[in-house]
Structures are given as C-alpha cells and as structure tokens.
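# Understanding the architecture of this molecule
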Amino acid sequence: MDTKCPYCGGTDMIEGVQGGYGAVSEVNHGFRGEALHHIICRNCGTVIRSYVKDPEKMFPKKERKE
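So, here is what we can say about the structure in this document. This structure is a prediction, so every number in the text was calculated from the model and none was measured. (Residues numbered from 1 in each chain as written. Predicted model: local features only at pLDDT ≥ 70, side-chain atom pairs only at ≥ 80, totals over all residues. Heavy atoms only, no water.)

### What about the overall build of the protein?
The helix and strand inventory of the protein stands at one helix and three strands. Here the protein holds 66 residues, and the buried ones make up 21% of them. For the protein, restricting intrachain contacts to residue pairs at least 6 apart in sequence, the fraction spanning at least 24 positions comes to 43%. (Helix = DSSP H or I, 4+ residues; strand = E, 2+ residues; numbered from the N terminus. Buried < 20%, exposed > 50% of the residue type's maximum accessible area, 1.4 Å probe, protein only. Contact = heavy atoms within 4.5 Å.)

### Looking at the pairing of strand β2 (residues 36-41)
Within a regular strand, side chains alternate between the sheet's two faces. Most of β2 sits out of view: five of its six residues are buried. Bridge count for strand β1 (residues 13-18) against β2 is six bridges, and the pairing is antiparallel. Residue pairing across strands places Glu-15 opposite Ile-39, the latter belonging to β2. Pairing between β2 and strand β3 (residues 47-51): four bridges, direction antiparallel. Its bridge partner being in β3, Ile-40 is matched across the sheet by Val-47. Linkage of β2 to β3, two consecutive antiparallel strands, is achieved through a turn of five residues, within which Gly-45 is found at a positive phi near 85°. (Pairing = 2+ DSSP bridges.)

### Some words on the sheet that holds β1
The three strands lie next to each other as β1-β2-β3, forming an open sheet whose pairing is antiparallel. Two strands bound the open sheet, and with one partner strand each, they are β1 and β3. With direction set aside, neighbouring strand axes in the sheet form an average angle of 20°. (Axes fitted to C-alpha atoms, helices over the stretch in contact; angles between N-to-C directions.)

### Section: the side chain of Thr-46
Among the secondary structure elements, Thr-46 is positioned in the loop between β2 and β3. We classify Thr-46 as buried; its relative accessible area is 17%. Not counting chain neighbours up to four residues away, the residues in contact with Thr-46 comprise Cys-5, Tyr-7, Ile-39, Ile-40 and Cys-41.

### A few points about the environment of Thr-3
You can see Thr-3 is positioned in the segment before β1. Sequence separation of Thr-3 and Cys-41 is 38 residues, and the distance between their C-alpha atoms is 9.1 Å. Once you skip the residues sitting within four places of it in the chain, Thr-3 turns out to touch Gly-10, Thr-11, Met-13 and Ile-48.

Spelled out as structure tokens, the structure:
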C-alpha cells in the first residue's frame, strides 16, 4: 500500500476489521450491518481510512437516495 500517514509520515499500514456490534448500518435500515474496515498506521495507530467493502449489501441501488 502506497499510503503515507498524515500525522507521523509512516508508510507501514495494516488493515483491521470492526464487526459485530461495532458494524456500521444505514440509518433508515438499521438491520443490515456490514463490517467496517480500517487502514491503520502501524507506527502511530492513526486510522487513515474507514470503509465498507461491499456497500451494495447495505444499500442496494433500488433503495439508494441520489
């Protein structure tokens, strides 16, 4: 991964996953939770990026509000 930490300048990143009760769900349809993935700087612990790997599972296109 070619990411540089904006806080310490570190480039050694790891990917973590937050699931279970820490899963993210869409406000209006709170029952379809998905694990939240994080890119974390191994040097200082800063979370560089958080994302859901498959957003289509949380909000199918027919339900998305554009």
